[in-house]
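Survey of secondary and tertiary structure
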Amino acid sequence: QVQLVESGGGLVQAGDSLRLSCAASGRTFSSYAMGWFRQAPGKEREFVAAINWSGGSTYYADSVKGRFTISRDNAKNTVYLQMNSLKPEDTAVYYCAAGFRGGQPMAEMSRPSRYGYWGQGTQVTVSS
C-alpha cells in the first residue's frame, strides 16, 4: 500500500515556475512507476508526465513537453514536477499516482488505469 501526498501548488502568473512534490509512504516506493495527472474544472483528468522506477525513463504529454520535467528521489520517497513557462491553460488540480509499468512502453503510463494509488491533489492556478 502506498499513500501519496502532493504539495507545492499555488497561484502564479503566466510565465512563472512552480515545483510540485509528491511524498509517498511505504518501503516499496522505488518499485513503482509514478505519474502526474491534472484535472481542470469541467474537464476530464488528463495525463501530464510519467517516470519509471529508476528515473531513467520519462514520458510527457505533448502539451507540457519542453516546459515540465518529472523527476524522482527514491531515497526521499518523493516525485517532483518542475513546471516552467506556466500558462493559464495549465490551471488545474494536479494529482500524483503510483503504478506498475510491467515492461510496457512508457506511453502506457499515460493511462489512468495503470495506476493503483492516487493522491488528493494540489491546486495550481495560473493567472494571465
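Located above this text is the structure these notes cover.
Now for a quick tour of the structure. Bear in mind the structure is a predicted one, so any value in this text is a computation, not a measurement.

What counts as what
Residues numbered from 1 in each chain as written. Predicted model: local features only at pLDDT ≥ 70, side-chain atom pairs only at ≥ 80, totals over all residues. Heavy atoms only, no water. Helix = DSSP H or I, 4+ residues; strand = E, 2+ residues; numbered from the N terminus. Rg over C-alpha atoms; globule rule 2.2 N^0.38 Å. Buried < 20%, exposed > 50% of the residue type's maximum accessible area, 1.4 Å probe, protein only. Contact = heavy atoms within 4.5 Å. Areas by Shrake-Rupley, 256 points an atom, 1.4 Å probe, with all protein chains shown as cover. Lys, Arg positive; Asp, Glu negative; His and termini not counted. Charge placed at Lys NZ, Arg CZ, Asp CG, Glu CD. Core = buried A, V, L, I, M, F, W, Y, C linked by side-chain atoms within 4.5 Å. Pairing = 2+ DSSP bridges. Axes fitted to C-alpha atoms, helices over the stretch in contact; angles between N-to-C directions.

Regarding its fold elements, the protein presents 0 helices and 11 strands. Put simply, the protein runs from its N terminus to its C terminus through helices and strands in the order β-β-β-β-β-β-β-β-β-β-β. In terms of C-alpha radius of gyration, the protein reaches 13 Å, essentially the compact-globule figure of 14 Å for 128 residues. When each of the 128 residues of the protein is scored for burial, the buried share is 41%. In the protein, 58% of the contacts between residues at least 6 apart in sequence involve partners at least 24 apart. Surface accessibility of the protein: about 6,500 Å² in total, with carbon and sulfur atoms responsible for 45%. Across the protein, the 13 positively charged side chains and the 9 negatively charged ones have centroids separated by 6 Å.

This part is about the nonpolar core. Of all hydrophobic cores here, the largest spans 38 residues; its most connected members are M34, W36, L81, M83 and Y94. Not counting residues up to four positions away in its chain, the partners in contact with M34 are L4, C22, F29, A49, A50, I51, I70, R72, V79, A97, A98 and Y115.

The strand order β1-β3-β8-β7 describes an open sheet built from 4 strands, whose pairing is antiparallel. Edge positions in the sheet fall to β1 (4-7) and β7 (68-73), since each of these pairs with one other strand and no more. Ignoring which end each strand starts from, the neighbouring axes of this sheet average 15° apart. Relative to strand β3 (residues 18-24), β1 is paired through 4 bridges, and the arrangement is antiparallel. In the sheet register, V5 faces β3, and the bridge partner there is A23.

Most peptide bonds adopt trans geometry, and most residues besides glycine take a negative phi value. With a phi close to 55°, N77 is a non-glycine residue in the positive phi region. Here N77 lies in the loop between β7 and β8 (78-83). In this model, S85 sits at a positive phi of 50°, which is unusual for a non-glycine residue. Secondary-structure assignment places S85 in the loop between β8 and β9 (92-99).

A few words now on the environment of L86. Following the sequence through the fold, L86 ends up in the loop between β8 and β9. For L86, a relative accessible area of 2% corresponds to the buried category. With 41 residues separating them in the primary sequence, L86 and S127 have C-alpha atoms 9.2 Å apart.

Taking burial as the measure, the 7 residues of β3 include 5 buried ones, the bulk of the element. Pairing of β3 with β8, which is carried by 6 bridges, proceeds in the antiparallel orientation. When the sheet's bridge partners are listed, L20 is paired in β8 with L81.

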